[in-house]
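Okay, here's what each chain looks like letter by letter:
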Protein chains: 2
Amino acid sequence: MFQQRTVRLECGKATHVLHVLGTQLNVKLYRCAPPGSQFFQVKCTNAVQYQISPKVSSTSNNMLPLEKSLSLSITMIAPSKHASDNKVSVSYFGDNLEELGKAILHLTSVELSLDVDADRDGVVEKNNPHKGSWKWGPNGHGAIVLVNCDMESLVGTKRDCDDDSLSRLSDLKDMSRMVLRTNGPGQLPPGYKLVLHISLSDADKIGVFQTGKSVLIKSYPMVLGRKTLSYVVKYEGGTAETEFFVEGRKFLDENFEGLVTIYLSLLQPSTKGFPDTPIFTDKVVFHMAPWIMTPNTLRPLQVFVCSTTDNYSFLKDMKELVKQSGCKLKVCHEYMNRGDRWMQDELEFGYVEAPHQCFPVVLDSPRDGDLKDFPYNELLGPDFGYVTRVALNEKVTSLDSFGNLEVSPPVTVNGKEYPLGRIIIGCAFPTTVKGRNMTKVVQDFLWAQKVQAPIAVFSDWLSVGHVDEFMTFVPAPNRKGFRLLLASPDAGYEFFRGLQKKGHGKAKMFEGLKDEEVTVDQILSNKQFQQENAFVQNCIDWNRDILKKELGLEEEDIIDLPILFSLKRDKRAVAYYPDMVNMIVLGKNLGIPKPYGPKIDGVCALEKEVCSLLGGLGLNFFFIDDFASYHKLEGEVHCGSNVQRDQFSYKWWNMAL
Amino acid sequence: MFQQRTVRLECGKATHVLHVLGTQLNVKLYRCAPPGSQFFQVKCTNAVQYQISPKVSSTSNNMLPLEKSLSLSITMIAPSKHASDNKVSVSYFGDNLEELGKAILHLTSVELSLDVDADRDGVVEKNNPHKGSWKWGPNGHGAIVLVNCDMESLVGTKRDCDDDSLSRLSDLKDMSRMVLRTNGPGQLPPGYKLVLHISLSDADKIGVFQTGKSVLIKSYPMVLGRKTLSYVVKYEGGTAETEFFVEGRKFLDENFEGLVTIYLSLLQPSTKGFPDTPIFTDKVVFHMAPWIMTPNTLRPLQVFVCSTTDNYSFLKDMKELVKQSGCKLKVCHEYMNRGDRWMQDELEFGYVEAPHQCFPVVLDSPRDGDLKDFPYNELLGPDFGYVTRVALNEKVTSLDSFGNLEVSPPVTVNGKEYPLGRIIIGCAFPTTVKGRNMTKVVQDFLWAQKVQAPIAVFSDWLSVGHVDEFMTFVPAPNRKGFRLLLASPDAGYEFFRGLQKKGHGKAKMFEGLKDEEVTVDQILSNKQFQQENAFVQNCIDWNRDILKKELGLEEEDIIDLPILFSLKRDKRAVAYYPDMVNMIVLGKNLGIPKPYGPKIDGVCALEKEVCSLLGGLGLNFFFIDDFASYHKLEGEVHCGSNVQRDQFSYKWWNMAL
């Protein structure tokens, strides 16, 4: 449908109007008719088309009878070469066909189009009919903008989106191209203006830069943003393109659904002292790219660990594993980690993607241990983005550490597809109001990203309270492409009872570890310990049922690993021996905490059991000794490492939300 | 799909489980098998059904081969009469078919259902499969709750929803009935509990009362709400119903989309010191009813006006109009209005509706003139609700008066239906950041109601800045069922030029009004005045184009009334003579400001013109003299009155949103 505009003619006077190609002008014919008018005639030049409605039949003299209800709609078929190069005239006649007056409309036509990559192919097409709206899915449409949350400059201190000037020309790669295409006479009639504008509520969400005349950064001014809601664009004349670059400045969040709109208005001058009148408005819509997490099934790129005074052998094992997995090891040294070894907990790696650009983005936890400066100071940089959430009026607990934030591989649940998997967050028990929880500000952020709809599971039963203490995902060649591994005290008791039955009751756990050794018989005879593990199994079974339902899993998709827990004084659980489910997954290589199980024929029976349980999946097992440096501090391999992974090949905007 | 729950068996030990009818229990068969088990058998009582997956074939001895992957799923077909009246046993056998052990599961089955009126027929049906979700439309589902914003007690001071105790039994009519239906043994096994609970984020949105054993108000306690997130419900035994009533406490708003959830959980006792485990959860969802405005085309019920020291003749005219229109006149006296006569501006009438109840609700404007106490003190009462929005950190301007808030009759726009019409809000010009606007807090509230999607028009060009100064809707027997009336300076000039042409140039406007008289010739000869009106016409034309687009109107749906404006020193407009479009519409009777136009043959030519323009619509015209008491104070009939109207027969939940 045409954009329509009411215009007023006056008899005996020439009216000049600037017309935008593709719109329609409406004239109420009776309004300017001289008193006594009975008939009228309309004439126009070549590039003009008109219609009278309701339809009237002409008399024998080629006259049309004037009725109160008549309106004249005018469209044009080509842009003007010169100002006022087309016209429409309406002549009015009296009873005796004498001419009573004539109104002339001089028309200048201009073609205007604010353009973006609304079909998501990386190219800014011309006047996409869907550019002003957003639709999810493979048949969807709508342009995409990235939060420009990296820092292009190597000497900078601010993220690019926190800076109102361009730091380097290469920063334009992180922005979405937007083009104003115009076609018309050499100049607009006096006083007319083209204005780009945004609403106040969008002003903190995007920034728009105009392409400069030179390669100097200063020649790329920011023209729309926090401080500037409108900008007059120079009309170039003839066929012209004016180029802009749009950056995102705010991630999706509780109060931001993701859409921002940029308007182009053509303003007609008004009487002095009155605001100019917009006579045409075009608009483009952008969707802010969500922050996307990467599950264990994606290819690992870099592994991050901390070096401390006491973890030399752990580091050595990790180096070997990472080398064999074909990715890079990045060691965060003591001057930076200040003794905080929990690399998993301080940050989560993810990425943002648009058709024209994709880069990793670290989510910095409000945990803020001694590692707190690492994400901003060491990770943020060119094409490496940074985002954080600050807890206000909320207590930050151990559940805010990102060992408590994981994501599943892609799943389909009752026909509903989650091609980017689902985020998993550990929470307090759903029926208790008390208990620890991840801060609302982080949970809100995660929910707002939409494309990896979170699942809340119950992790507050654990002393540390992280989901990675009882679950992980490993790749698999069959079924859904992965298995869910769950810690299982039942499987643990089954394992130890089996050993006892086979006559290994005197075999020792923790052999060679001072003050730690304990026999299979001793473990099995402890009734209190057995009760504690029954409680833990109930907690994990509760999560098992949730995960089956929310990820659409069957029993065959789950593997129970034999892990025993013990309860601390506050009745919260910690792993009794190194928690093998708390592993690092690098492609087909698993880095598993060395469990220090009873040795049978010189071989650790727990290691053997886990290899057997995971057999047939084509995985390789690396048992890493984290006993003294991590396990005794209530963490394991996964807690002490972090993996930056490749993005999904699947594009988030193709999701049917 | 069944809700599933993992249960654990132990050989040589009886396990007692409470099972909820319609759910499924899963047992991993290998978990409790004694070492050496090769075969197993399952036996069960009559009301139990079981399935083993993956499927296995029995040997010739009726034995089933035990495999690690096997699980047993158990369902039941009837509720229990007594505790543990059903059982399942699993026997394990060794290589030589010797029995190695037997695990027995004792089952007690109970039927539980938390029920609401999810099919929206006013009756609480049993276990509607859609009770846990919401869907808009005639084929939709989901229960509805009203914000209990009236005040049932005649001696109260608080709205019912602001009070945690029931004020009168009649208040239950304003709430949604919810029933817990149970069927099972006389008692639940020891330690099991039925708990109703809500999330923290829903706690300020609803309140739940339990039906008492007597008619005493005190016996209806509030069991869920702001202070109580969970409530243990007594299990009654046998076939029983426990009745609750749910009230809404918060209107839809920027941060509240309208859905609230109430959960029923069955809690299993855990080891001492640990939280009870929910083994079954049912849920019901309610949608908060939106606040709905009533357009001019709905039947008027009551008309509200203020009496002041100077408006006796206006009141007399209004009384006559209201009487002839068959509705009630309510006069707000001076002790209450304190000289503030702008009844339109302080409040807007609307209503809320659910299948079981519907009542009017007044929206109190943040304008807060001297009438500010009227809505709360005089209107709020039994089955008359009240809601307001308070502006924080925002300047309240004249655009916050509700003469600037109107609603269209039902429309269809490009195939999209708005069966409850669309709200119309006057705003600053879209390209200016400056200018007055309705406060965000009120605009957010209006947008959040969803069912009458607002349209922003431009009203800041007017000195008072209200949409009712240039537009209104009147009922019509044809086309869309209404006409949009617009003030039109062009129609005004056309009218006066016509008079001049017919020789009435010396006829006088404002005849008989001291110091006001002016001739038609004088009006037409004032060039400055003409320029001002051209500007006004442009402003109204801009709105005309928006309204045509957003309401799907054609030229034939619009009638231009001859109104002239003049500009004040700040270049903002006021009506030059009484602004006839600023009328009150009561069914087919229009109460129009008496324009004081030139008299031709003793008849006001402006009145005659308007009657002629609106001819054929079956309307009756009452010209009301508001010159001194309203027009000179920059308001008119509409500004000085307010109409409470009947609700739509159309139900808002049938909208396809």
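Given the structure is predicted, the values throughout are model-derived calculations rather than measurements. (Residues numbered from 1 in each chain as written. Chains lettered and ligands numbered in written order. Predicted model: local features only at pLDDT ≥ 70, side-chain atom pairs only at ≥ 80, totals over all residues. Heavy atoms only, no water.)

Our focus in this paragraph is the overall build of chain A. Summing up its helical and strand segments, chain A has 9 helices and 42 strands in all. Taken over C-alpha atoms, the radius of gyration comes to 34 Å for chain A, far larger than the 26 Å a tight globule of 657 residues would show. Principal axes of the C-alpha set define a box for chain A whose edges measure 125 × 50 × 45 Å. Sequence-distant contacts, at least 24 apart, represent 73% of the contacts inside chain A between residues at least 6 apart. When the accessible surface of chain A is split by element, carbon and sulfur atoms take 49% of a total near 26,200 Å². (Helix = DSSP H or I, 4+ residues; strand = E, 2+ residues; numbered from the N terminus. Rg over C-alpha atoms; globule rule 2.2 N^0.38 Å. Contact = heavy atoms within 4.5 Å. Areas by Shrake-Rupley, 256 points an atom, 1.4 Å probe, with all protein chains shown as cover.)

Right, let's get into the side chain of S365 of chain B. Mapped onto the elements, S365 of chain B comes out in the loop between β23 (357–364) and α4 (374–379). For S365 of chain B, the residues in contact, after removing those within four places along its chain, are D345, E346, L347, D400, S401 and F402 of chain B.

On to the packing of aromatic side chains. Residues and elements named next belong to chain A. Evaluation of the coordinates by the stated rule reveals 44 aromatic pairs over all chains. Each member of the aromatic cluster is reached from another via a ring pair, and the members are F495, F496, F510, F529, Y576, Y577, Y596 and F627. Positioned above the aromatic ring of Y596 is the side chain of K594, whose terminal nitrogen or guanidinium carbon lies 5.2 Å from the ring centre. (Phe/Tyr/Trp six-rings, centres within 6.5 Å; stacked < 30°, edge-to-face > 60°. Lys NZ or Arg CZ within 6 Å of the ring centre and 35° of its normal.)

Listed by partner, the interface residues are 55 residues for chain A and 55 residues for chain B. Of the roughly 4,800 Å² buried where chain A meets chain B, counting both sides, 54% is carbon and sulfur surface. Joining chain A to chain B, the criterion identifies 12 salt bridges. With its nearest N and O atoms 3.5 Å apart, the salt bridge here joins K28 of chain B to E555 of chain A. (Buried area = accessible area lost by both parts, 1.4 Å probe. Salt bridge = Lys/Arg side-chain N within 4 Å of Asp/Glu carboxyl O.)

The subject of this paragraph is the relation of the copies chain A and chain B. To go from the first copy of the chain to the second, apply a rotation about an axis and then a shift along the same axis. With an RMSD of 0.1 Å, the fit of chain A onto chain B corresponds to turning through 180° and sliding 0.1 Å along the axis. Overall, the copies show the geometry of a two-fold rotation axis. Taking C-alpha positions as the reference, the residue of chain A nearest the rotation axis is N255 of chain A, at 3.8 Å. Counting the interface residues of chain A, we find that 100% of their copies in chain B are interface residues as well, pointing to one common contact surface. (Least-squares fit on C-alpha atoms with pLDDT ≥ 70 in both.)

The UniProt feature table records "domain: Protein-arginine deiminase (PAD) central" (unreviewed entry) at residues 110–268 of chain A. In this annotation, residues 110–268 of chain A is assigned 0% helix and 35% strand; the end-to-end C-alpha distance for the span is 13 Å. (UniProt positions renumbered as here; feature names shortened; annotations may be inferred.)

Moving on, we get to the sheet that holds strand β21 (residues 328–332) of chain B. Residues and elements named next belong to chain B. One open sheet accounts for 3 strands, arranged β21-β20-β42; its pairing is mixed. Every other strand in the sheet has two partners, leaving β21 and β42 (641–645) as the edge strands with one partner each. Recorded for the sheet is a direction-independent mean angle of 25° between the axes of neighbouring strands. Pairing analysis gives 5 bridges linking strand β20 (residues 300–306) to β21, with the strands arranged parallel. In the sheet register, F304 faces β21, and the bridge partner there is K330. Relative to the sheet, helix α1 (residues 312–324) contacts β20, β21 and β42, its axis offset from that of β20 by approximately 175°. (Pairing = 2+ DSSP bridges. Axes fitted to C-alpha atoms, helices over the stretch in contact; angles between N-to-C directions.)

Moving on, we get to the environment of G591 of chain B. Residue and element names in this part refer to chain B. Its location among the elements puts G591 in strand β38 (residues 589–593). Once the C-alpha coordinates of G591 and F622 are considered, the two residues, 31 residues apart in sequence, prove to be 4.8 Å apart. With residues up to four places along the chain from it excluded, the contact list for G591 reads L321, M583, I584, F622, I624 and V637.

With that out of the way, let us pick up the side chain of S176 of chain A. Residue and element names in this part refer to chain A. Structurally, S176 can be placed in strand β11 (residues 176–184). In terms of polar contacts, S176 uses its side chain to reach the backbone carbonyl oxygen of I144, at 2.6 Å. In this structure, S176 is in contact with I144, V145, F244, F245, V246, F286 and H356, ignoring residues within four places of it in sequence. (Polar contact = N/O pair within 3.5 Å; in protein donor to acceptor, adjacent residues only side chain to side chain.)

The next point concerns the pairing of strand β2 (residues 14–20) of chain A. Residues and elements named next belong to chain A. Most of β2 sits out of view: 5 of its 7 residues are buried. Where β2 lies against strand β9 (residues 99–115), 7 bridges are found, and the strand directions are parallel. Looking at the pairing, H19 lines up with S109 of β9. (Buried < 20%, exposed > 50% of the residue type's maximum accessible area, 1.4 Å probe, protein only.)

Per-chain confidence: chain A averages 94 in pLDDT, with 98% of residues scoring 70 or above. Scored by ipTM, the complex comes to 0.73, with pTM at 0.85. (pLDDT = per-residue confidence, 0-100.)

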